[in-house]
Amino acid sequence: MKKIISASVMCVKNLLNLEHDIKELEDLGIDMLHLDAMDGHFVNNITFGPDIFNAIHRYTKLSCDYHLMLSNPLPFIERLELSEGDMVTIHAEINKDNFNEAFSYLVSLKKRGVKIGVAINPETSIEGFSDYELSHTDVILVMLINPGFAGQPIIRGILNKPSYVHNYLDSLGYDNIDVSVDGGVSIDRAKKLSKDGVNIFVGGTSGLFRKDMSLEKSVKQLRDSIKLVE
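Residues numbered from 1 in each chain as written. Predicted model: local features only at pLDDT ≥ 70, side-chain atom pairs only at ≥ 80, totals over all residues. Heavy atoms only, no water.

## Section: the pairing of strand S3 (residues 63-69)
Consideration 1: Across the 7 residues of S3, 6 count as buried, placing the element largely inside the fold.
Consideration 2: Crossover handedness for the path strand S2 (residues 32-38) to helix H2 (residues 50-59) to S3: right-handed.
Consideration 3: Pairing of S3 with strand S4 (residues 87-91), which is carried by 3 bridges, proceeds in the parallel orientation. Note that in S4 the partner of His67 across the bridge is Thr89. (Buried < 20%, exposed > 50% of the residue type's maximum accessible area, 1.4 Å probe, protein only. Helix = DSSP H or I, 4+ residues; strand = E, 2+ residues; numbered from the N terminus. Right-handed = clockwise from strand over helix to strand, strands pointing away. Pairing = 2+ DSSP bridges.)

Have a look at this one:
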């Protein structure tokens, strides 16, 4: 499967000039824009709303990777202007009724080419998914940190989890499901994670938007690190 870098817009160097930073990411060959929505309830932080997301979507040529850290994601999803190639990720840990409503709605959007992602927090097991959910899921997003804030240290021992998720999905015949990672995805860690079957790498303050490196250099180094080792 193709190795993809999804750049976390929340981590850009100048949130007051998103247009400039998004254009730079496009020019540097980033594959997707990772857009984090937080509601102050599921996580203790608040970020962008649907209007900002839609403005970004209209501006960029890139597909958008919506990571919804929301207790009730359906009303938010219904307001998004989604296109073929976009991906919407909801969390496995939310209330089951809210999860089922949002997931069913996303399934109805697959005919438009929208992809479904499901995120699992560090303490959440991959074994909890039903065959129905896995049969419609395009991506499992493995959180390497507790969600809510950029720049956190990764959870101790968590780097083994993406490989386990990848192998578990393969064992059930779901080798078509991509494995994504988010949180503390440094250039060095990305190399190991790529070997372990990860396909999508969310680039934040550890991998892309580094204080000690230009964006041009960090994109190249992260891209080089996730190439398959022969």
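## Quick look at the pattern of salt bridges
Side chains bearing opposite charge may pair, as long as their charged atoms lie close to each other.
Consideration 1: Going through the model one piece at a time under the given rule, you end up with 11 salt bridges.
Consideration 2: Here Lys110 makes a salt bridge to Asp138, at a shortest N to O gap of 2.9 Å. Here Lys110 is found in the loop between helix H4 (96-109) and strand S5 (115-120), whereas its partner Asp138 is found in the loop between helix H5 (131-136) and strand S6 (139-143), with 28 residues between them in sequence.
Consideration 3: The partly exposed category is assigned to Asp138, whose relative accessible area is 21%.
Consideration 4: When the shortest N-O distance is used, the salt bridge between Asp196 and Lys192 registers 2.8 Å.
Consideration 5: One continuous salt-bridge network, built from bridges that share partners, spans Lys2, Asp31 and Arg223. (Salt bridge = Lys/Arg side-chain N within 4 Å of Asp/Glu carboxyl O.)

## Re the sheet that holds S6
Consideration 1: What the 8 strands build is a closed barrel, ordered S1-S2-S3-S4-S5-S6-S7-S8; its pairing is parallel. When the angles between neighbouring strand axes are averaged without regard to direction, this sheet yields 25°.
Consideration 2: Both S2 and S3 contribute to a ladder of 7 bridges, which runs parallel. By the bridge assignment for S3, Leu33 is matched with Cys64. (Axes fitted to C-alpha atoms, helices over the stretch in contact; angles between N-to-C directions.)

## Quick look at the nonpolar core
Consideration 1: Counting residues in hydrophobic clusters, the biggest one holds 70 residues, and the most contacted among them are Tyr66, Leu68, Ile77, Ile140, Leu169 and Leu208.
Consideration 2: If you tally residues by element for this core, the top one is H4, at 6 residues.
Consideration 3: If sequence neighbours within four positions are ignored, Ile77 has contacts with Leu68, Leu82, Val88, Ile90, Ala102, Tyr105, Leu106 and Leu109. (Core = buried A, V, L, I, M, F, W, Y, C linked by side-chain atoms within 4.5 Å. Contact = heavy atoms within 4.5 Å.)

## With respect to the pairing of S2
Two faces belong to every sheet, and in a regular strand the side chains alternate between them.
Consideration 1: Buried residues dominate S2, accounting for 7 of its 7 residues.
Consideration 2: Relative to S2, strand S1 (residues 4-8) is paired through 3 bridges, and the arrangement is parallel. Following the sheet pairing, Ala7 is matched in S2 by Leu33.
Consideration 3: At this point the chain moves from S1, through helix H1 (residues 18-27), to the parallel S2, and the crossover so formed is right-handed.

## Let's talk about the packing of aromatic side chains
Consideration 1: All chains considered together, the criterion is met by 6 aromatic pairs.
Consideration 2: Judged by centre distance (5.6 Å) and plane angle (50°), the ring pair of Phe53 and Tyr66 falls under tilted. Taken together, the residues span a long stretch of sequence, with Phe53 in helix H2 and Tyr66 in strand S3 at a distance of 13 residues.
Consideration 3: Pairing Phe53 with Phe76 gives two aromatic rings, centres 5.7 Å apart and planes at 75°, and the pair type is edge-to-face. Taken together, the residues span a long stretch of sequence, with Phe53 in helix H2 and Phe76 in helix H3 (residues 74-78) at a distance of 23 residues.
Consideration 4: Taking relative accessible area as the criterion, Phe53 reaches 0% and is therefore assigned buried.
Consideration 5: An aromatic cluster is present here, built from Phe48, Phe53, Tyr66 and Phe76 joined pairwise through their rings. (Phe/Tyr/Trp six-rings, centres within 6.5 Å; stacked < 30°, edge-to-face > 60°.)

## Concerning the side chain of Ser194
Consideration 1: One can find Ser194 in helix H7 (residues 187-195).
Consideration 2: With residues near it in sequence (within four places) discarded, Ser194 still touches Lys3, Phe201, Ser225, Ile226 and Lys227.

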